[in-house]
Amino acid sequence: MSLKLIELQVAIPRTLDASKESVDLMNRGLLQQQHTSEEIRKKDKKEAERVNQKEATESGLFQTNDQHQQEKTSSKSSNHPYKGSKIDYSG
């Protein structure tokens, strides 16, 4: 199979295009993998921040509940001095 000069003028530029396309195809998988790993890293970071925020709010709620209970006990002790807290049903 011999190629004429005119055929070579068309074939050589086409080989450059084909080589560029093959390089792009080979790199496409690598780029997709990098993109996917970046998305996973961002998702994990966001979930970790969400857990940290939830833990911070829960610990804050426990502190406020403790303070609220202390306020209740202090308000119970400051109730009327002659009234008791027990009710006598006998009799």
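We now turn to the structure provided with this report. Just so you know, these numbers come straight off a predicted model, no measurement behind them.

## Describing the overall build of the protein chain
Point 1. Scanning the protein chain from N- to C-terminus turns up 1 helix and 0 strands.
Point 2. Out of the 91 residues belonging to the protein chain, those deemed buried represent 0%.
Point 3. Surface summary for the protein chain: the accessible area is close to 9,300 Å², and the carbon and sulfur share equals 56%.

## Details of the pattern of salt bridges
Point 1. Across all of its chains, the model carries 1 salt bridge by this definition.
Point 2. Of the charged contacts, one joins Arg 41 and Glu 38 as a salt bridge, the two residues approaching to 2.5 Å between their closest N and O atoms. On the criterion of helical spacing, the pair formed by Arg 41 and Glu 38 is a turn pair, its members being 3 residues apart in helix α1 (residues 5-77).
Point 3. By relative accessible area, which is 32% here, Glu 38 ends up partly exposed.

Rules used in this analysis
Residues numbered from 1 in each chain as written. Predicted model: local features only at pLDDT ≥ 70, side-chain atom pairs only at ≥ 80, totals over all residues. Heavy atoms only, no water. Helix = DSSP H or I, 4+ residues; strand = E, 2+ residues; numbered from the N terminus. Buried < 20%, exposed > 50% of the residue type's maximum accessible area, 1.4 Å probe, protein only. Areas by Shrake-Rupley, 256 points an atom, 1.4 Å probe, with all protein chains shown as cover. Salt bridge = Lys/Arg side-chain N within 4 Å of Asp/Glu carboxyl O.

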